[in-house]
Amino acid sequence: QVQLVESGGGLVQAGGSLRLSCAASERTFSSYAMGWFRQAPGKEREFVAAINWSGANTDYADAVKGRFTISRDNAKNTVHLQMNSLKPEDTAVYYCAADLALGPTMAEGEYDYWGRGTQVTVSS
């Protein structure tokens, strides 16, 4: 069982930045692909970014390309999401997820473990 704990959410003004982190409990973290998803009020959860097991390959949703960067530190069992130039429409609960395949994948159904989420609120 992989436990994922997100941190780094908060309230920020439009144009600002936040860095989300997700800590994984498993020592085999380096063999998982990781992803970030988000869910805004009244909307379905959507893909944000994903990274493969080594960090060499990444994927991003069109809405965040050029603004968000996903990265991982396998030595620390951690994945990060650097979010720059934030917009009010980025407001959502952000979830970290682990895919036991090598990845990366944008498909929500491929992910095996999920964190509880961290709230990001961007004010205009």
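A brief structural summary.

About the cut-offs
Numbers given for residues are sequential positions, taken from 1 along each chain in its written order. Only residues with pLDDT of at least 70 are given local features in this predicted model, and only at 80 or more are side-chain atom pairs given and counted; all residues enter the totals for whole chains, interfaces and linings. Heavy atoms from the whole structure form the basis of all side-chain values; hydrogens and water molecules are not counted. Two cysteine sulfurs form what is called a disulfide whenever their separation falls within 2.5 Å. Put simply, DSSP marks the helices as runs of H or I at least four residues long and the strands as runs of E at least two long, and each gets a number from the N terminus on. Think of it in three bands: with a 1.4 Å probe and only protein chains considered, a residue is buried below 20% of the maximum accessible area for its type, exposed above 50%, and partly exposed in between. A side-chain nitrogen of Lys or Arg and a carboxyl oxygen of Asp or Glu constitute a salt bridge if their distance falls within 4 Å. For two strands to pair, DSSP has to find at least two bridges joining them. Only the stretch in contact is used when fitting a helix axis, every axis being a line fitted to C-alpha atoms; angles between N-to-C directions are given from 0 to 180 degrees.

1. Concerning the state of the cysteines
A full pass over the atoms with the stated rule returns one disulfide. Across the disulfide from Cys22 sits Cys96; the S-S distance is 2.1 Å. The sign of the -75° torsion about the S-S bond sets the Cys22-Cys96 disulfide as left-handed. Of this pair, Cys22 sits in strand S3 (residues 18-24) while Cys96 sits in strand S9 (residues 92-99), placing them 74 residues apart in sequence. Among the residues examined, Cys96 registers a relative accessible area of 0% and is labelled buried.

2. Some details on the pattern of salt bridges
Side-chain pairing between opposite charges can occur once the charged atoms of the two side chains come close. For the structure on display, the rule yields five salt bridges. In this structure, the salt-bridge partner of Asp90 is Arg38, at a minimum N-O distance of 2.9 Å. Here Asp90 is found in the loop between strand S8 (78-83) and S9, whereas its partner Arg38 is found in strand S4 (residues 33-39), with 52 residues between them in sequence. Relative accessible area serves as the criterion here: at 0%, Asp90 is assigned to the buried category. Given the relative accessible area of 7%, Arg38 is considered buried. Across the pair Asp62 and Lys65 runs a salt bridge, and its minimum N-O distance is 3.2 Å.

3. As for the sheet that holds strand S7 (residues 68-73)
For sheets, the rule is that strands pair by backbone hydrogen bonds, running either parallel or antiparallel. One open sheet accounts for four strands, arranged S1-S3-S8-S7; its pairing is antiparallel. Two strands bound the open sheet, and with one partner strand each, they are strand S1 (4-7) and S7. Ignoring which end each strand starts from, the neighbouring axes of this sheet average 15° apart. Bridging between S7 and S8 involves six bridges; their strand directions are antiparallel.

Honestly, that's just the spatial picture; any functional story needs more than this.
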